[in-house]
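Descriptive analysis of the structure
The primary structure of each chain is shown beneath.
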Amino acid sequence: MGYNWRGFITNTRKEIKTMKLYHGSETAGIKELLPQTSNHEKPLAYLTDNRALAVVYSHNYLPRPLGFFTYCWGKNHSLHYEEYFPGQIELFYKGKKGCVYTAEIDGLTQIEKMPWVYVSETPVKVSSVEEIPDIYEELLRLHEAGEITLHFYEDLPHEYIASSEKIVKREIENLKTNKNEIYENFLREHFPQLFGENE
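The shown structure was predicted, so the numbers you read here are calculated from the model rather than taken from an experiment. (Residues numbered from 1 in each chain as written. Predicted model: local features only at pLDDT ≥ 70, side-chain atom pairs only at ≥ 80, totals over all residues. Heavy atoms only, no water.)

**With respect to the overall build of the protein chain**
Each helix and strand counted, the protein chain has 6 helices and 12 strands in total. Expressed as a percentage of the 199 residues in the protein chain, the buried residues total 45%. Excluding contacts between residues fewer than 6 apart, the proportion of contacts in the protein chain whose partners are at least 24 apart in sequence is 74%. Roughly 11,200 Å² of accessible area belongs to the protein chain as shown, and the carbon and sulfur atoms make up 50% of that amount. (Helix = DSSP H or I, 4+ residues; strand = E, 2+ residues; numbered from the N terminus. Buried < 20%, exposed > 50% of the residue type's maximum accessible area, 1.4 Å probe, protein only. Contact = heavy atoms within 4.5 Å. Areas by Shrake-Rupley, 256 points an atom, 1.4 Å probe, with all protein chains shown as cover.)

**Notes on the pairing of strand β2 (residues 19-25)**
Burial analysis of β2 places 6 of its 7 residues in the buried class, the great majority of the element. Bridge count between β2 and strand β7 (residues 98-105): 7 bridges; the pairing is antiparallel. Following the sheet pairing, serine 25 is matched in β7 by cysteine 99. (Pairing = 2+ DSSP bridges.)

**A closer look at helix α4 (residues 158-174)**
Think of an α-helix as 3.6 residues a turn; residues three or four steps apart then line up on the same face. Counted at 1.5 Å a residue, the expected span for α4 with its 17 residues is 24 Å, and the 25 Å between its end C-alpha atoms agrees. Buried within α4 are the following residues: Ile161, Ser164, Val168, Glu171 and Ile172. Projected down its long axis, α4 carries its buried residues within an arc of 100°, all on one side. Of the exposed residues in α4, those oriented more than 90 degrees away from the buried face are Glu159, Lys166 and Arg170. For α4, the elements touching its buried residues are β6 (79-82), α5 (181-190) and α6 (192-195). (Expected span 1.5 Å × (residues − 1). Arc of directions from axis to C-beta.)

**Focus: the nonpolar core**
Grouped together as the largest cluster of nonpolar side chains are 43 residues, with contacts concentrated most on Phe68, Tyr81, Tyr93, Leu139, Ile148 and Leu187. Sorting elements by how many residues they give to this core places helix α1 (residues 51-56) first, with 5 residues. Apart from residues no more than four positions distant in its own chain, tyrosine 81 is found in contact with Val56, Phe68, Thr70, Tyr71, Gln88, Ile89, Phe92, Tyr93, Ile148, Thr149, Leu150 and His151. (Core = buried A, V, L, I, M, F, W, Y, C linked by side-chain atoms within 4.5 Å.)

**Concerning the packing of aromatic side chains**
Across all of its chains, the model carries 16 aromatic pairs by this definition. Considering the side-chain rings of phenylalanine 68 and phenylalanine 191, the 6.2 Å spacing of their centres and the 45° angle between planes classify their relative orientation as tilted. Placement of the pair is phenylalanine 68 in the loop between α1 and β5 (71-73) and phenylalanine 191 in the loop between α5 and α6, with a sequence separation of 123 residues. Grouping residues by exposure puts phenylalanine 68 and phenylalanine 191 together as buried. Members of the aromatic cluster, connected to one another through ring pairs, are Tyr61, Phe68, Tyr81, Tyr84, Phe85, Phe92, Tyr93, Tyr183, Phe186 and Phe191. (Phe/Tyr/Trp six-rings, centres within 6.5 Å; stacked < 30°, edge-to-face > 60°.)

**Things to note about the confidence of the model for the protein chain**
Mean pLDDT over the protein chain stands at 89; residues scoring 70 or higher make up 89%. This stretch, residues 1-16, has a pLDDT under 50; its non-local contacts, to residues over four places away or in other chains, come to 52 contacts. (pLDDT = per-residue confidence, 0-100.)

**Topic: the pattern of salt bridges**
Going through the model one piece at a time under the given rule, you end up with 7 salt bridges. Arginine 51 serves as the salt-bridge partner of glutamate 138, at 2.9 Å between the closest nitrogen and oxygen. Pair noted here: glutamate 138 is in helix α3 (residues 135-145) and arginine 51 is in helix α1, with a separation of 87 residues, a long-range link. For the pair glutamate 138 and arginine 51, one class covers both residues: buried. Measuring nitrogen to oxygen at the nearest pair gives 3.2 Å for the salt bridge that ties lysine 176 to glutamate 173. Judged by relative accessible area, lysine 176 falls into the partly exposed class, the value being 46%. Several salt bridges converge on common partners, so that one network encompasses Arg51, Glu130, Glu138 and Arg141. (Salt bridge = Lys/Arg side-chain N within 4 Å of Asp/Glu carboxyl O.)

Next comes the structure, spelled out in structure tokens:
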């Protein structure tokens, strides 16, 4: 959940020049990024040209394949991360370690409607790794540097909160046909007011 869009792989759009791409992970010591189960019907390795996005993905609060990554893109390819409940960013990232892997590669396919994402059906060799001792502190630094905009719940206008609650309501509705106890407990803990409307 959370902007985990199902785009389509574009087989005709290729990058000719070598690019510096990033991959965020909780796992240390990776030498190759291996294709994994994905939302695109085949195992894929995911990378991005946006380092800040890789930092966001360097820790997953929920056990995979679950996820709750509430980011979006604004004008001029600007990255925004919006809290859906109070203290979300601190809960997810404070004191958490992560790794941002770098790969120098060309010819990767982009995902349609997700131009910041590149995918590979074959293993991608890692060229370097950056260990992040506290992802929360790194996100605050990136926020100050203008590389990501963090939107804290207490600062959000009512219409933003209402919009995010609509998304969560759809997730709750989906649980009726795609049951997952861990995800349901997470949503009940942080959005208890929405469950009464859906039961």
